[in-house]
Amino acid sequence: MTRFLHASRESLAGKTPSSGRQGATTMKDIGFIGLGTMGRPMAGHLLAAGYRLFLHDVVPVAPELIAAGGIACESAKQVAQEADAVIIMVPDTPHVEAVLFGQGGVAEGISKGMIVTDMSSISPLATKEFARWIDALGADYLDAPVSGGEVGAKAASLTIMVGGRERAFNAMKPLFETMGKNVTHVGGNGDGQTTKVANQIIVALTIEAVSEALLFASKAGADPALVRQALMGGFASSRILEVHGDRMLKRNFDPGFRIELHQKDLNLALEGARALGLSLPGTAAAQQLFNACTALGGKSWDHSGILRALEVMAGHEVAAA
């Protein structure tokens, strides 16, 4: 663990959490920390559904969230002091750790009976450690990463995979259903993050497969658009062929989900595989292609941009005839 968690072990030792908000049967006061590409629309849906939101981010809270009734807070601690439940949506494991256990973090303002939900995509192993520390403070912890990207966040159609106690899941389920459509309780703490890593393996390898197929078709002289159309009616059909295949043909690599974020997720997969004594050769190959994209200046490309690394190696660019 990083310095934040080590510091928390000293600063939180013997801490007795406040009981001021314990036992709320209907959660209406919600904290939301992390209001970037994903968090901002997710918070917006909660505001539109009538929840009172206490908001915090490393940059000033978006004016539209304040206009919709959101209340800006100066720290994660203040968010926790005001809310019945706290949702975190930040980029990576160290950011979650800082929000929870850093100076002015959630743990300093936590109350007994609170639910802390991390919707970021981070390390399953770290998640289990975070959950143990939050549990020790008398609160429940859920890991609830999402799939669907910016489009899903804006459309409230995210897939949400949740790990943690069933009682906490049931309490948070109405909020999850406000932000997403496919909500599944997959097991205990860490299982949500493990499911998300598995999701990212499948997505990366399928994007690579679609890229290779369209590149092969184009280089062979076929119209890749018509090839894609034909494949959409067969066993090779997939959401990725539909959406990302269309991106590839239109040369639209503006980010829906950035390559650098998918690299982070595949690092979690490969680190976990090493710890478990597993070999994930396809995942490793996809990561190398993402690394090549980064070397080409494309860390902020949409992850469908993996095609461009393959195109460089082939000396050929896919384009509709």
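Each remark here, short or long, concerns the structure printed above.
This section reports on the structure supplied with the text. (Residues numbered from 1 in each chain as written. Predicted model: local features only at pLDDT ≥ 70, side-chain atom pairs only at ≥ 80, totals over all residues. Heavy atoms only, no water.)

**Points about the overall build of the chain**
- Summing up its helical and strand segments, the chain has 15 helices and 9 strands in all.
- Counting only C-alpha atoms and orienting by the principal axes, one finds that the chain spans roughly 70 × 45 × 35 Å.
- Taking the contacts inside the chain whose residues are at least 6 apart along the sequence as the reference set, 68% of them involve residues at least 24 apart.
- Total accessible area computed for the chain in this model is approximately 14,300 Å², and 54% of it derives from carbon and sulfur atoms.
- Side chains of the chain carry 28 positive and 31 negative charges; the gap between the two charge centres is 2 Å. (Helix = DSSP H or I, 4+ residues; strand = E, 2+ residues; numbered from the N terminus. Contact = heavy atoms within 4.5 Å. Areas by Shrake-Rupley, 256 points an atom, 1.4 Å probe, with all protein chains shown as cover. Lys, Arg positive; Asp, Glu negative; His and termini not counted. Charge placed at Lys NZ, Arg CZ, Asp CG, Glu CD.)

**A short note on the pairing of strand S8 (residues 158-163)**
- For S8, the tally of buried residues reaches 5 of 6 residues, placing the bulk of the element in the interior.
- Relative to S8, strand S7 (residues 146-147) runs antiparallel, the two being bridged by 2 bridges. Bridge pairing links Ser 147 to Thr 159 in S8.
- Of the pairings in the sheet, the one linking S8 to strand S9 (residues 180-187) comprises 6 bridges and is parallel in character. Across the sheet, the residue bridging to Ile 160 is Val 183, located in S9.
- Crossover S8 to S9 through helix H9 (residues 166-179) is right-handed. (Buried < 20%, exposed > 50% of the residue type's maximum accessible area, 1.4 Å probe, protein only. Pairing = 2+ DSSP bridges. Right-handed = clockwise from strand over helix to strand, strands pointing away.)

**Comments concerning the side chain of Asp 302**
- Mapped onto the elements of the fold, Asp 302 is located in the loop between helix H14 (281-295) and helix H15 (306-314).
- A polar side-chain atom of Asp 302 sits 2.9 Å from the main-chain amide nitrogen of Gly 256.
- Residues within four places of Asp 302 in sequence aside, it is in contact with His 244, Arg 247, Phe 253, Asp 254, Pro 255, Gly 256, Phe 257 and Ile 259. (Polar contact = N/O pair within 3.5 Å; in protein donor to acceptor, adjacent residues only side chain to side chain.)

**Section: the nonpolar core**
- If you look at the biggest cluster of nonpolar residues, it comprises 34 residues, and the most contacted ones within it are Phe 32, Met 42, Met 119 and Phe 176.
- Mapped onto this core, the elements with two or more residues apiece are strand S1 (29-33), helix H2 (39-48), strand S2 (52-56), strand S4 (85-88), S8 and H9.
- Element by element, the count of residues in this core is highest for H9, at 6 residues.
- Once residues lying within four places of it in the same chain are set aside, the contact partners of Phe 176 are Thr 117, Met 119, Leu 142, Ala 144, Ile 160, Val 162, Phe 169 and Val 183. (Core = buried A, V, L, I, M, F, W, Y, C linked by side-chain atoms within 4.5 Å.)

**Some words on helix H10 (residues 191-219)**
- For H10, built from 29 residues, the straight-helix expectation of 42 Å at 1.5 Å per residue is met to within 8% by its first-to-last C-alpha distance of 42 Å.
- Downstream of H10 by one or two residues, Gly 221 has phi in the positive range, about 100°. (Expected span 1.5 Å × (residues − 1).)

**A closer look at the packing of H10 against helix H12 (residues 239-250)**
- Running from N to C, H10 and H12 point in directions that differ by 55°, and their axes come no closer than 10 Å. When the axis of H10 is compared with that of H12, the two are oblique. The crossing of H10 and H12 is right-handed. Counted together, Val 203, Thr 206, Ile 207, Val 210, Ser 211 and Leu 214 of H10 and Ile 240, Leu 241, His 244, Gly 245 and Met 248 of H12 form the full contact between these two elements.
- Partitioning the contact of H10 with H12 into residue classes produces 7 nonpolar, 4 polar and no charged. (Axes fitted to C-alpha atoms, helices over the stretch in contact; angles between N-to-C directions. Parallel < 35°, antiparallel > 145°, perpendicular 65-115°, else oblique. Left-handed = near helix turned anticlockwise from the far one by under 90°. Nonpolar A, V, L, I, M, F, W, Y, C, P; charged D, E, K, R; others polar.)

**A short note on the packing of aromatic side chains**
- Under the criterion given, the structure shown has 2 aromatic pairs.
- Its guanidinium or amino end placed over the ring of Tyr 51, Lys 28 lies 4.7 Å from that ring's centre, counting from NZ or CZ.
- A cation sits over an aromatic face here: Arg 308 above Trp 301, 4.1 Å from the ring centre. (Phe/Tyr/Trp six-rings, centres within 6.5 Å; stacked < 30°, edge-to-face > 60°. Lys NZ or Arg CZ within 6 Å of the ring centre and 35° of its normal.)

**Quick look at unusual backbone geometry**
- Phi is positive for Ala 156, which is not a glycine, with a value near 55°.
- By the element assignment, Ala 156 lies in the loop between helix H8 (149-155) and S8.
- The backbone of Arg 251 sits at a positive phi, close to 55°, despite the residue not being glycine.
- Following the sequence through the fold, Arg 251 ends up in the loop between H12 and helix H13 (259-276).
- Exposure remark for Arg 251: the relative accessible area of 27% places this residue in the partly exposed category.

**Brief notes about the pattern of salt bridges**
- By the definition in use, this model includes 15 salt bridges.
- The residue Arg 40 makes a salt bridge to Glu 64 at a minimum N-O spacing of 3.4 Å. One end of the pair, Arg 40, is in helix H2; the other, Glu 64, is in helix H3 (residues 63-67), with 24 residues separating them in the sequence.
- Judged by relative accessible area, which is 37%, Arg 40 ranks as partly exposed.
- Between Lys 250 and Asp 246 there is a salt bridge, with its nearest N and O atoms 3.2 Å apart. Here Asp 246 and Lys 250 lie together in helix H12, a separation of 4 residues that amounts to about one turn.
- Lys 250 gets classed as exposed once you look at its relative accessible area, which sits at 58%.
- Looking at Asp 246, the relative accessible area reads 26%, which means it is partly exposed.
- Salt bridges sharing partners connect three or more residues here, namely Asp 135, Asp 140, Arg 165 and Arg 167. (Salt bridge = Lys/Arg side-chain N within 4 Å of Asp/Glu carboxyl O.)

**A short note on the environment of Ala 236**
- Its place among the elements puts Ala 236 in the loop between helix H11 (224-231) and H12.
- Contacts of Ala 236, omitting those with residues within four sequence positions, involve Leu 231 and Leu 241.

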